[in-house]
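Working through the structure, step by step
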Number of protein chains: 2
Amino acid sequence: MALTMVFGPLQGAYAQDTEKAGKGIDIQKVVPEGKLPGQQLPYYIRNGEGERYLVGGMVAALIARGEDTGEHFEAAILTGGKNASFPLHTHARSHEALYILDGEVELWLGGQHYLMIRGDYASIPQGTPHAFKMLGHRTQILSWNTGKEIGPIYKTLGQPFAGYVQPEKVNPDISKELLKKAEASADVRFESKAPSKSTPQRVRNGVVPDKKVPYVLASGEGQRLVAGDQLFSFLGDQQVSDGKFIAVMTEGPAGPMIPAHYHEKHTENFFCLDGSMTMRVNNETLTMYPGDFAHVPARTIHAYQLNNHYTRFIGFLTPGLFEPFFRTLGDKYDGYVYPQKPYPFRFDRVLSKLNELDLKVLEAPAAQK
Amino acid sequence: MALTMVFGPLQGAYAQDTEKAGKGIDIQKVVPEGKLPGQQLPYYIRNGEGERYLVGGMVAALIARGEDTGEHFEAAILTGGKNASFPLHTHARSHEALYILDGEVELWLGGQHYLMIRGDYASIPQGTPHAFKMLGHRTQILSWNTGKEIGPIYKTLGQPFAGYVQPEKVNPDISKELLKKAEASADVRFESKAPSKSTPQRVRNGVVPDKKVPYVLASGEGQRLVAGDQLFSFLGDQQVSDGKFIAVMTEGPAGPMIPAHYHEKHTENFFCLDGSMTMRVNNETLTMYPGDFAHVPARTIHAYQLNNHYTRFIGFLTPGLFEPFFRTLGDKYDGYVYPQKPYPFRFDRVLSKLNELDLKVLEAPAAQK
């Protein structure tokens, strides 16, 4: 399919670059709603959907498996009630990140014991003992992992499950026999001891460390940049994951579609948290609402538009090489909410470094108001 | 407009009742999106919209004013960042309820000091001193009040504001002069003392009191009933507000539209929290997403349908007289999440008491799966 069929005639200075940029790109079809593709293709999953298992009193909905992402990463949504839990364990090869979507969670992380709520984030490098327990009647966690060896834990420990919420009566205990089996089939080692009975501390940290160590981050914190009317916050940058991934929060008001573009090297993943957004993914246009997820592999043409007065999404980008794009485009920002008056959208800074930044742009940005 | 034009031909045993029930009802037009009607008409407000003021470091978006609700109630969405606050005060005539939508809030309530998160609820009867302070960078509270004398507080203390989020730099202090002015024009009396510096306690309470006293309720708690596949939780029942209002949480999976109906005496208000729902309001069909609000006055034909695998909305019904409907229809339920297998939908229990329950039904329920 010709690019102009998808995006309309190209304009001005962009036309030449774009014709070149788009040459030879295979515009793949987006996988139909609710399907995990089983190979690396663009796809999306609506709130609640996914490959579901009942494990530890929770519903684990796998929204990305290794086979869906070129083995770059996996993601699961864990939904449970009070006392649903996961015992103390360590991953040898997988770097995990947790983002709390709802409710309240006790997290044991490398000797610390935290109380987490919606918006709090945890980075769990390889080799870090961790465990969690849900405290709210409706608790939901987004778990993101590098590689392909975490999803099999849920498959081994759990039972396939057709429901979308945990049963009202469920035993959160997992047998030792199953734990052993999981250790044999996935990247997990369970600790024999129970997590400490100390009093959990509310997450208040606002600093992303300068090296790969376990850390938590309070909701809204992270290294912040602004471009136009959007606020970008790094919850995890390249240096805390050895370049494996970056985690970026984006928030802003309703605005125009950003320019359609693609990346040669890295995969982008969008998880909508507040408001709604329109996503262009190759030849499809999706409207995403809170809880919806879109997987955009390298060489997928895409763009997004924020639709509501307050729209927020978390992006996981892997491998972690796109941080310089945000740092080039954005201005440092001390605020914790998108600016009342948009900053300049300095796309000019980016245009001269497109290859270096892993960016192929197919359109000019919308004129700024 | 004939009822059959709106709802299609009536079926079976309902047809006769319905023709009678709908006779003479004035099918009012729904007010266009984003408009507060200034008189009691059905209307809806999208997430973020409303009449907005900047006050105490927060954006107060009035989504229902006394003049929009027949002076039954008012509602506002308060959006702010860390340290936005409201000083210690008392309402002599207005009963207030707070529901936390996002972030973290310190609430001082009649000598107690609480830490509240998303889903926690507080009931604040007349004469109860209270104050709050926001702790999260993105904190949002739904404030619901009986009567018409609370909205003017925001108008007096604040400035009209075109934005949707708080400015990144904002002074949360309100001058004593303005506080005095508010006391003269609205139902508020400010206390001269500051709230206590005690350590706030996380809200863990699960019991709604048996009389009108101040209380808080942890997310997911309340007196629970189930009907079909939906879970109803009373956050506030008739006895805790002297019959002024009830607050009911509804959650469930995607399902059919409930039967179209209307009420002669009470007004219903729907605030979507999770997932999405379709609302029929007279001759309009709306899709509601988290943060959207619909006001359905008495004698407005309406019905709702839950669209997502986990959909949740909070309803405020005033005056508080519809509690017996839920108690007649529903079965007592110990769980905290909607049932995996639907319970019987015992509409038959309701049909013989329609007048007593303030219910005029225009359709038969969908056949149960």
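Since the structure is predicted, the reported quantities are computational estimates derived from the model, not experimental observations. (Residues numbered from 1 in each chain as written. Chains lettered and ligands numbered in written order. Predicted model: local features only at pLDDT ≥ 70, side-chain atom pairs only at ≥ 80, totals over all residues. Heavy atoms only, no water.)

**Examining the domain arrangement of chain A**
Residues and elements named next belong to chain A. Assigned domains within chain A: domain 1 (3–30 + 222–361) and domain 2 (49–202). Just the C-alpha atoms count here: the centres of domain 1 and domain 2 sit 29 Å apart. Contact residues are listed per partner, giving 20 residues for domain 1 and 16 residues for domain 2. Each partner contributes to the roughly 1,500 Å² buried at the junction of domain 1 and domain 2, and carbon and sulfur atoms together form 74% of this total. Linking domain 1 with domain 2 are one salt bridge. Residue Asp274 pairs with Arg118 through a salt bridge whose shortest N-O separation is 3.4 Å. Elements with a minimum of two residues in the side of domain 1 that touches domain 2: strand S17 (230–236), strand S18 (246–252), strand S20 (267–274), strand S23 (293–296) and strand S25 (311–318). (Domains from an automatic or database assignment. Contact = heavy atoms within 4.5 Å. Buried area = accessible area lost by both parts, 1.4 Å probe. Salt bridge = Lys/Arg side-chain N within 4 Å of Asp/Glu carboxyl O. Helix = DSSP H or I, 4+ residues; strand = E, 2+ residues; numbered from the N terminus.)

**A word on the pairing of strand S5 (residues 85–90) of chain B**
Residues and elements named next belong to chain B. Both S5 and strand S10 (residues 130–134) contribute to a ladder of three bridges, which runs antiparallel. Paired with Ser85 across the strands is Lys133, a residue of S10. Relative to strand S13 (residues 189–190), S5 runs antiparallel, the two being bridged by two bridges. The residue bridging His89 from the neighbouring strand is Phe190, located in S13. (Pairing = 2+ DSSP bridges.)

**Structural notes on the interface of chain B and chain A**
On the chain A side, the residues contacting the 37 residues of chain B number 37 residues. Summing both partners gives a buried area of about 3,400 Å² for chain B against chain A, and 54% of it is carried by carbon and sulfur. For the interface between chain B and chain A, the tally reads eight salt bridges. Taken together, the residues of the side of chain B that touches chain A break down into 15 nonpolar, twelve polar and ten charged. (Nonpolar A, V, L, I, M, F, W, Y, C, P; charged D, E, K, R; others polar.)

**Comments concerning the side chain of Glu106(A)**
All names here are of chain A. Assignment of secondary structure puts Glu106 in strand S7 (residues 104–109). No salt bridge forms around the buried Glu106; measuring N to O, its nearest opposite-charge neighbour Lys133 is 4.5 Å away. Of the polar contacts made by the side chain of Glu106, one reaches the side chain of His113; its length is 2.5 Å. (Buried < 20%, exposed > 50% of the residue type's maximum accessible area, 1.4 Å probe, protein only. Lys, Arg positive; Asp, Glu negative; His and termini not counted. Polar contact = N/O pair within 3.5 Å; in protein donor to acceptor, adjacent residues only side chain to side chain.)

**Some details on the UniProt feature "domain: Cupin type-2" (unreviewed entry) in chain A**
Residues and elements named next belong to chain A. With numbering matched to this structure, UniProt assigns "domain: Cupin type-2" (unreviewed entry) to residues 83–136 and 250–305. Taken end to end, residues 83–136 comprises 0% helix and 63% strand; its first and last C-alpha atoms sit 8 Å apart. Across residues 250–305, helical content stands at 0% and strand content at 55%; the span's end C-alpha atoms are separated by 11 Å. (UniProt positions renumbered as here; feature names shortened; annotations may be inferred.)

**Some details on the sheet that holds strand S5 (residues 85–90) of chain A**
All names here are of chain A. Read across the open sheet, the six strands follow the order S13-S5-S10-S7-S8-S14; overall the sheet is mixed. Strand pairing shows two members of the sheet lacking a second neighbour, strand S13 (189–190) and strand S14 (201–202), which therefore form its edges. As defined by bridge partners, S7 adjoins strand S10 (residues 130–134) across five bridges and the pair is classed as antiparallel. Bridge pairing in S10 places Glu106 opposite Lys133.

**Side note on the relation of the copies chain B and chain A**
If you rotate chain B by 180 degrees and push it 0.0 Å along the axis, it lands on chain A with an RMSD of 0.0 Å. Taken together, the rotation and translation describe the operation of a two-fold axis. Here 100% of the interface residues in chain B have copies in chain A that are interface residues too; the copies meet face to matching face. (Least-squares fit on C-alpha atoms with pLDDT ≥ 70 in both.)

**Here's the deal with the confidence of the model for chain A**
Counting all residues, the mean pLDDT for chain A is 93, and 93% of those residues have values of 70 or more. Across the interfaces of the predicted complex, the ipTM metric reaches 0.95, alongside a pTM of 0.96. (pLDDT = per-residue confidence, 0-100.)

**A word on the pattern of salt bridges**
Residues and elements named next belong to chain A. Taken as a whole, this structure holds 50 salt bridges over all chains when the rule is applied. Where Arg65 meets Glu51, a salt bridge forms, and the shortest distance between an N and an O atom there is 2.7 Å. Of the two residues, Arg65 is situated in the loop between strand S3 (58–64) and strand S4 (73–80) and Glu51 in strand S2 (residues 51–55); the sequence distance between them amounts to 14 residues. Residue Arg65 is classed as buried on the basis of its relative accessible area, which comes to 13%. The salt bridge involving Lys148 is made with Glu71; its shortest N-O contact spans 3.6 Å.

**So, the state of the cysteines**
Under the definition given, this model contains zero disulfides over all chains. The cysteine Cys272(A) is free of any disulfide, with Cys272(B) supplying the nearest cysteine sulfur at 13 Å. Classification of Cys272(A) as buried rests on a relative accessible area of 0%. (Disulfide = S-S within 2.5 Å.)

**Focus on the packing of aromatic side chains**
Inspection of every chain in the model, using the stated rule, returns 41 aromatic pairs over all chains. Between the aromatic rings of Phe245(B) and Phe316(B), the centroid separation amounts to 6.4 Å while the plane-to-plane angle is 45 degrees, which identifies the pairing as tilted. With Phe245(B) in the loop between strand S17 (230–236) and strand S18 (246–252) and Phe316(B) in strand S25 (residues 311–318), the pair connects residues that are 71 residues apart, well separated along the chain. Both residues of the pair, Phe245(B) and Phe316(B), count as buried. Their ring planes at 25 degrees and their centres at 6.3 Å tell us that Tyr310(B) and Tyr338(B) sit as a pair that is stacked. Remark: Tyr338(B) occurs in the loop between strand S26 (331–332) and helix H6 (347–351) and Tyr310(B) occurs in the loop between strand S24 (302–306) and S25; sequence separation between them is 28 residues. The class of Tyr310(B) is buried, set by a relative accessible area of 6%. On the basis of relative accessibility, which here comes to 4%, the residue Tyr338(B) falls in the buried class. Through a chain of ring-to-ring contacts, three or more aromatic side chains come together here, namely Phe232(A), Phe234(A), Phe322(A), Phe325(A) and Phe326(A). A cation over a ring is seen here: Arg138(A) above Tyr310(B), with NZ or CZ 3.4 Å from the ring centre. (Phe/Tyr/Trp six-rings, centres within 6.5 Å; stacked < 30°, edge-to-face > 60°. Lys NZ or Arg CZ within 6 Å of the ring centre and 35° of its normal.)

**Considerations on the sheet that holds strand S1 (residues 43–45) of chain A**
All names here are of chain A. Taken in spatial order, the eight strands of this open sheet run S1-S23-S20-S25-S18-S17-S16-S26, and their pairing is antiparallel. Across the chains shown, the open sheet's two edge strands, defined by having one partner strand only, are S1 and strand S26 (331–332). Two strands pair when backbone bridges link them, and S20 and S25 are joined in this way by seven bridges, in the antiparallel orientation. By the bridge assignment, Asn269 is partnered in S25 with Phe316.

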